[in-house]
Amino acid sequence: MNDLTGAGPARTRAFLGAGLVLVSCLSVQASAALASTLFDRLGAPAVAGLRQLCAALVLMVLVRPRVRGHTRQEWAGMVVYGAAMAVMNVAYYGAVGHLPLGVAATLLFLGPFVVAVASARTWREALLPAVGLVGVVLVTEPGGTVAWAGIAFGLLSALALACYTVFAQRVGRASSGLEGLAVSVGISAMLLLPFSLPAAPSANGSDWSLVAVSGIVGVALAFTLDFRAVKMAGARVVATLFSLDPLMGALIGALALAESLSAPVLVGMGLIVSAGAAATWRAERLPVSPMPSSTDRS
């Protein structure tokens, strides 16, 4: 995997990264829909904390990261990365608890949208995430009444996702394999213990099953794919491709909940896919960043 993340044509790396982001977006939205069934009983922050804890345990067992030997700068990056994960999970689940899944995902996309625009070197590069944002708005069909609390949670999740996107690249450059990711997820789980520990005794066997599946699919798998994608394609391309999140939400609603897709939604889907594909194709012009390649355990 290191050969793919650290070398080779930029366009090839971008296409591989795009595939990882696609699976990641599907994992995030499917797990969010699954976890939302527990919000009424346990509360959104508790569910976020419990699934983060499950994901941390899985990654610690599989990756077995070292704790000693990191510099202060590396620890600072992993702490910020873990904190961004914690805030993003709690805030996004808070938004899902007040808003439709597609609207919550739209607000979440504002974070990587800002990253993509801020990282653009020409107006053409800034145009691609803007096209993706227009598509996101069309997919969610704005105009209905939404709760201000949900909007606040959504904007907070967007800010956290922006930090998550940037620090995924920094931690990836500073660590080998998935070690930095595993430590960061562990930090995130510890930060959420005030929410998860009080709720743990109230969870029954069925609840734990849903939390475990959601944690493995929506955190351990999704974050690993995001981490690899950022190392392959860079934060700007991945930030644009995160517009697939609302698209996945709309598709899940259509397939699982039999929701119909209107003409504006279909147009929005086309814009999102086009912006993501164009960003991936133009990545051929991006410089190749050397990545460490010594102790990849995945």
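Chemist: I'm lost on the overall build of the protein chain in this one. Help?
Modeler: Of regular secondary structure, the protein chain possesses 14 helices and zero strands. Listing every helix and strand of the protein chain by position from the N terminus yields α-α-α-α-α-α-α-α-α-α-α-α-α-α. If you take every contact in the protein chain between residues at least 6 apart in sequence, the share linking residues at least 24 apart comes to 89%. In the structure as shown, the protein chain presents an accessible area of about 12800 Å², 69% of it carried by carbon and sulfur atoms.

Chemist: In this structure, what is going on with helix H11 (residues 205–233)? I would like to understand it.
Modeler: Since there are 3.6 residues in each turn of an α-helix, residues three or four apart along the chain are aligned in direction. The first and last C-alpha atoms of H11 sit 40 Å apart over 29 residues, in line with the 42 Å expected at 1.5 Å per residue. Considering bend angle alone, the principal kink of H11 is centred on Gly215 and spans about 30°.

Chemist: What am I meant to see in the nonpolar core here?
Modeler: Side chains of nonpolar character tend, in soluble globular proteins, to be buried together. Tyr81, Tyr93, Tyr164, Val185 and Phe223 are the most contacted members of the largest nonpolar core, which has 77 residues in total. Setting aside chain neighbours within four positions, we find Tyr81 in contact with Tyr164, Phe167, Ala168, Val171, Leu181, Ser184 and Phe227.

Chemist: What am I meant to see in the pattern of salt bridges here?
Modeler: Where charged atoms from two side chains of opposite charge approach closely, those side chains can pair. This structure, assessed with the given rule, holds one salt bridge. Asp207 is the salt-bridge partner of Arg41, the closest N and O atoms lying 2.1 Å from each other. Residue Arg41 is located in helix H3 (residues 39–42), and its partner Asp207 is located in helix H11; the two are separated by 166 residues in the primary sequence.

Chemist: Is there a simple way to explain the side chain of Thr224 in this structure?
Modeler: One can find Thr224 in helix H11. Exposure remark for Thr224: the relative accessible area of 16% places this residue in the buried category. When sequence neighbours within four positions are dropped, the list of residues in contact with Thr224 reads Leu59, Leu178, Leu181 and Val219.

Chemist: Explanation requested: unusual backbone geometry in the structure shown.
Modeler: Trans peptide bonds make up most of the peptide bonds, and negative phi angles are found at most residues other than glycine. The backbone of Arg64 sits at a positive phi, close to 50°, despite the residue not being glycine. Note on placement: Arg64 falls in the loop between helix H4 (44–63) and helix H5 (72–98). In this structure Arg64 comes out as exposed when scored by relative accessible area, which is 54%.

Chemist: Honestly, the packing of aromatic side chains in this entry has me stumped. Any pointers?
Modeler: We describe a pair of aromatic rings using the distance from one ring centre to the other and the angle between the two ring planes. Counted according to the given criterion, the structure contains three aromatic pairs. Between Phe39 and Tyr93, the aromatic rings sit 5.1 Å apart at their centres with planes inclined by 55°, giving tilted as the arrangement. A residue pair is termed long-range when its members are at least 10 positions apart, and Phe39 in helix H3 and Tyr93 in helix H5 qualify at 54 residues. When its relative accessible area of 11% is taken as the criterion, Phe39 is described as buried. You can call Tyr93 buried: its relative accessible area is 1%. A ring pair is formed by Tyr81 and Tyr164, whose centres lie 5.4 Å apart and whose planes are at 40°; its orientation type is tilted. Residue Tyr81 is located in helix H5, and its partner Tyr164 is located in helix H8 (residues 148–174); the two are separated by 83 residues in the primary sequence. On the basis of relative accessible area, Tyr81 is assigned to the buried category, the value being 0%. The exposure class of Tyr164 is buried, given its relative accessible area of 1%. Site record: aromatic cluster; members linked through ring pairs are Tyr81, Tyr164 and Phe223.

Chemist: Please clarify how the packing of H4 against helix H9 (residues 179–191) should be interpreted in this entry.
Modeler: Packed helices, taken two at a time, are described by the angle between their axes plus the distance between the axes. Direction vectors running N to C along H4 and H9 enclose 150°, while the axes themselves pass 8 Å from each other. The pairing of H4 with H9 is recorded here as roughly antiparallel in orientation. Judged by the sense of rotation from one axis to the other, the crossing of H4 with H9 is left-handed. Here Gln52, Leu53, Ala55, Ala56, Leu59, Met60 and Val63 of H4 come into contact with H9, specifically with Glu179, Ala182, Val183, Val185, Gly186, Ser188 and Ala189.

Chemist: Help me understand a nonpolar patch on the surface in this model?
Modeler: Taken together, the side chains of Leu22, Val23 and Leu221 make up a nonpolar region of the molecular surface, amounting to roughly 230 Å² of accessible area. Relative to the helices and strands, Leu221 is located in helix H11. The partly exposed category is assigned to Leu221, whose relative accessible area is 37%.

Chemist: What is the right way to read the confidence of the model for the protein chain from this model?
Modeler: Predicted coordinates in regions of low pLDDT should not be interpreted in detail. Averaged over all residues, the pLDDT of the protein chain equals 76, while 77% of them reach at least 70. The spread of mean pLDDT over the elements of the protein chain runs between helix H1 (residues 2–6), the lowest at 46, and helix H10 (residues 193–199), the highest at 91. Residue range residues 1–7 is modelled with pLDDT below 50. Its contacts to residues more than four positions away, or to other chains, number 21 contacts.

The rules behind each value
- Each chain carries its own residue numbering, running from 1 in the written order of its sequence.
- Local features are withheld for residues below a pLDDT of 70 in this predicted model, meaning they are given only at 70 or higher, and side-chain atom pairs are given and counted only at 80 or more; totals for whole chains, interfaces and linings count all residues.
- Values shown for side chains rest on all heavy atoms present in the structure; no hydrogens or waters enter the calculation.
- A run of H or I in DSSP becomes a helix once it reaches four residues, and a run of E becomes a strand once it reaches two; helices and strands are each numbered from the N terminus.
- Contacts are assigned to residue pairs that have any heavy atoms within 4.5 Å of one another.
- Accessible surface is estimated by sampling points in the Shrake-Rupley manner with a 1.4 Å probe; for residues, cover comes only from the protein chains shown.
- In this scheme, a helix's expected span is set at 1.5 Å multiplied by one less than its residue total.
- Bending is quantified residue by residue as the angle between axes fitted to the seven-residue window ending at that residue and the seven-residue window starting at it.
- By nonpolar core we mean a set of buried residues, namely Ala, Val, Leu, Ile, Met, Phe, Trp, Tyr and Cys, connected to one another through side-chain atoms within 4.5 Å.
- The cut-offs for exposure are 20% and 50% of the maximum accessible area for each residue type, with area from a 1.4 Å probe on protein chains only; residues under the lower value are buried, those over the upper are exposed, and the others partly exposed.
- Note on definitions: salt bridges are taken to be side-chain nitrogens of Lys or Arg within 4 Å of carboxyl oxygens of Asp or Glu.
- Centres within 6.5 Å are what make two rings of Phe, Tyr or Trp a pair, Trp counting through its six-membered ring; a difference in plane orientation under 30 degrees is then read as stacked, over 60 as edge-to-face, and the rest as tilted.
- Here the axes come from fitting lines to C-alpha atoms, over the contacting stretch only for helices, and the angles between their N-to-C directions go from 0 to 180 degrees.
- Roughly parallel means an angle under 35 degrees; roughly antiparallel means over 145; roughly perpendicular covers 65 to 115; every other angle is labelled oblique.
- Less than a right angle of anticlockwise turn of the near helix away from the far helix marks a crossing as left-handed, whereas a clockwise turn marks it as right-handed.
- Each patch groups residues whose relative accessible area exceeds 30% and which form no salt bridge, using 9 Å between like charges and 5 Å between nonpolar side chains of Val, Leu, Ile, Met, Phe, Trp and Tyr.
- Looking at any residue, its pLDDT shows the predictor's confidence there, from 0 to 100.

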